[in-house]
Amino acid sequence: MPVEPPVVSPRTLPEAYALLAAEAYRPVAGCTDLLVQIAGEMGEPPERVLDIWRLDELRGIRVESDALVIGALTTYTEIRRSPLIGEFLPAFAEAAVTIGAVQIQNRGTIGGNAMNASPAGDMLPLLLACDAQLVAGSAAGERSVAALDFWPAYRRTALAPSELLLRISIPLVPGRQVRYRKIGTRRAQAISKVVMALAWQSDADARSPWRNVHLALGSVAAVPIRAARTEAVLEGAPPTEVVADRAASTLADEIEPIDDVRSSADYRRAVAARVLHRLIRDEGRW
Amino acid sequence: MSYRFVVNGDPVEVEVPGMRRLLDVLREDLSLTGTKEGCGEGECGACSVLLDGMVVDSCLVPVCQVEGSTVRTVEALADGAALNDLQAAFLETGGAQCGICTPGMLLAGEAFLASGANATDAAIREAIAGNLCRCTGYTKIVEAIALAAERRRAPTGPESPA
């Protein structure tokens, strides 16, 4: 049987904060990453585990003033079924459908995805493209970290060991469009080769120019990234063929993917460019 | 630590480390070996069980998170020697070949049937997308779930062939 590190299951947030303040723990939610890491002997198993699954205040989806707030323990199944997600951020439900299959969607959480900090994390480009704020808590209080600052290095987050991710707040911007694309070996159970989220604002007309363009990608760098040079090509431009050609070639230059077991750098570069091109074509209806 | 939950209708209490996988608790501590270990990393679905009615990979659930919950395994489906309707449908369509994926397929199928979703080919295939059949007998498995869905919708329908 795999290694079974000691575990504590606090029932309240203050209890969890006190434990984290005293000793180093690996917090876990649905365990769909940790138990794979332990069983596969990927790195040292954690010395101690903090099971936060029972902290029900970290669950659920609600609208708060001008933001959609998703609790860190909200599962992909809950995201798929949420009427609020369907109304305000349907791209999040589209992304949740692509993660694992039913068994994983029933257990995996958006907070776990953020804290696991994989460059291939399926939800993370959406958080970047939508200017999400990630709210952390500790015995010292709460603080908010912008998605852009949340993954500073490979498999690292901006949180201190004494902090827990509590919720993710996504500003609701009138007229914002969000699209999500994931390329994997098969539809279910695939870690992405490339994952992409694109957000922009424009008038209803398919020929009107895009504003506030945010393009984010996963699996093309050591951390999930925004593609600033490609965004600059798209900013203020309408979704025409000329613009799509320029944006696609800029993106192929801009990203620096690697060869690994899932794909090659060349393929990732080519497919990222093609997916973006197709997406712009779909929006421009040409 | 001691953890209490309900397995197949029976209350159980186990004295085990909290990070022990539900899979190991079922097979090693409770001797319920109907649940199979395939990959041990959430890829194959062979260890699927229902946890509070939701299908999960029991290799990815630590028992500390099962406290107070209800677990259903493949052992709960038949009534003695009488197979339930989904198991019978697997038998009729040839949905079971080598058998290692079958318990997981049955539980994923049960979760799908319980959801009340329309049993289209695409919906069934999505419902078992987390379950690998290494005999690649997917067509017959899909047929079995569709057959059981049809019979649950129309329980007084045509008699099944003898």
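Residues numbered from 1 in each chain as written. Chains lettered and ligands numbered in written order. Predicted model: local features only at pLDDT ≥ 70, side-chain atom pairs only at ≥ 80, totals over all residues.

**What about the overall build of chain A?**
Let me state the cut-off plainly: Each helix corresponds to a stretch of at least 4 residues labelled H or I by DSSP, and each strand to a stretch of at least 2 residues labelled E; elements are numbered beginning at the N terminus. Here the globule rule is a power law, 2.2 Å times the number of residues to the power 0.38, and the radius of gyration is based on C-alpha atoms. Exposure classification rests on a simple neighbour count of other C-beta atoms within 10 Å of a residue's own: a residue reaching 20 or more is buried, one at 12 or fewer is exposed, and one in between is partly exposed. C-beta atoms are placed from the backbone. C-beta atoms are placed from the backbone for every residue, and two residues are taken to be in contact when these atoms lie within 7 Å.
Scanning chain A from terminus to terminus reveals twelve helices and twelve strands. Its C-alpha atoms give chain A a radius of gyration of 19 Å, near enough to 19 Å, the size a compact globule of 286 residues would have. Expressed as a percentage of its 286 residues, the buried residues of chain A come to 47%. Contacts in chain A between residues far apart in sequence, at least 24 positions, make up 64% of those at least 6 positions apart.

**Some remarks on the domain arrangement of chain B**
Residue and element names in this part refer to chain B. Counted only if it meets this: Throughout, the edges of the domains are those of an automatic or database domain assignment. As a working rule, the residues Ala, Val, Leu, Ile, Met, Phe, Trp, Tyr, Cys and Pro are called nonpolar, Asp, Glu, Lys and Arg charged, and the rest polar, with Gly in that last group.
Structurally, chain B comprises domain 1 (2-76) and domain 2 (85-153). Between domain 1 and domain 2, the contact holds 15 residues from the first and 13 residues from the second. Of the residues that constitute the side of domain 1 that touches domain 2, the class distribution is eight nonpolar, six polar and one charged.

**Brief notes about the interface of chain B and chain A**
Tallying the contact residues gives 27 residues for chain B and 24 residues for chain A. Among the secondary structure elements, those contributing two or more residues to the side of chain B that touches chain A are β4 (54-57) and α3 (102-115) of chain B. Per element, the largest residue contribution to the side of chain B that touches chain A is four residues, and it comes from β4 of chain B. Residues that form the side of chain B that touches chain A fall into these classes: 14 nonpolar, seven polar and six charged.

**Overview of the pairing of strand β5 (residues 67-71) of chain A**
All names here are of chain A. Stated formally: We treat two strands as partners when DSSP finds at least two bridges between them.
As judged from the four bridges shared by strand β4 (residues 61-64) and β5, these two strands associate in the antiparallel manner. If you follow Glu-64 over to β5, its bridge partner there is Ala-67. The loop that links β4 with its antiparallel partner β5 comprises two residues; one of these, Ser-65, has a positive phi angle of about 40 degrees. As paired elements, β5 and strand β8 (residues 164-171) share five bridges and run antiparallel to each other. For Leu-68, the partnering residue across the bridge sits in β8 and is Ile-170.

**A word on the sheet that holds β4 of chain A**
All names here are of chain A. Our working rule: Convention adopted: a line fitted to C-alpha atoms gives each axis, helices being fitted over their contacting stretch, and angles between N-to-C directions are expressed from 0 to 180 degrees.
Reading across from one edge, β4-β5-β8-β6-β7 is the order of the five strands in this open sheet, with antiparallel pairing throughout. Strands with a single pairing partner mark the edges of an open sheet, and in this sheet they are β4 and β7 (141-146). Averaged over all pairs of adjacent strands, the angle between their axes in this sheet comes to 25 degrees, without regard to strand direction. Here helix α1 (residues 13-22) sits on the sheet in contact with β6 (133-138) and β8, set at roughly 75 degrees to β6.

**Quick notes on helix α1 (residues 22-29) of chain B**
All names here are of chain B. Across the eight residues of α1, six count as buried, placing the element largely inside the fold. For α1, the complete set of buried residues consists of Leu-22, Leu-23, Asp-24, Val-25, Leu-26 and Arg-27. Here the buried face of α1 lies against β2 (10-15). In the segment just after α1, Ser-31 is the residue with positive phi, at about 55 degrees.

**Looking at the domain arrangement of chain A**
Per the domain assignment, the segments making up chain A are domain 1 (7-51), domain 2 (56-171) and domain 3 (179-284). Each of domain 1 of chain A and domain 3 of chain A has a C-alpha centre, and the two are 35 Å apart.

**Here's the deal with α3 of chain B**
Here is the rule: Helix span, as expected, comes to 1.5 Å for every residue beyond the first.
Between its terminal C-alpha atoms α3 of chain B stretches 20 Å, which fits the 20 Å expected from 14 residues at 1.5 Å a residue. With twelve of 14 residues buried, α3 of chain B lies mostly within the body of the structure. Considered for burial, the residues of α3 of chain B that qualify are Thr-102, Pro-103, Gly-104, Met-105, Leu-106, Leu-107, Ala-108, Gly-109, Glu-110, Ala-111, Phe-112 and Leu-113 of chain B. Here the buried face of α3 of chain B lies against α6 (102-105) of chain A together with β3 (48-51), β4, α2 (85-93), α4 (121-127) and α5 (138-153) of chain B.

**A short note on the sheet that holds strand β3 (residues 49-51) of chain A**
All names here are of chain A. With parallel pairing, three strands are arranged side by side in an open sheet as β1-β3-β2. Each end of this open sheet is capped by a strand with a single partner; those strands are β1 (7-8) and β2 (26-28). Strand direction decides the pairing type here: β1 and β3, joined by two bridges, are parallel. Among the inter-strand pairings, Val-7 is bridged to a residue of β3, identified as Val-49.

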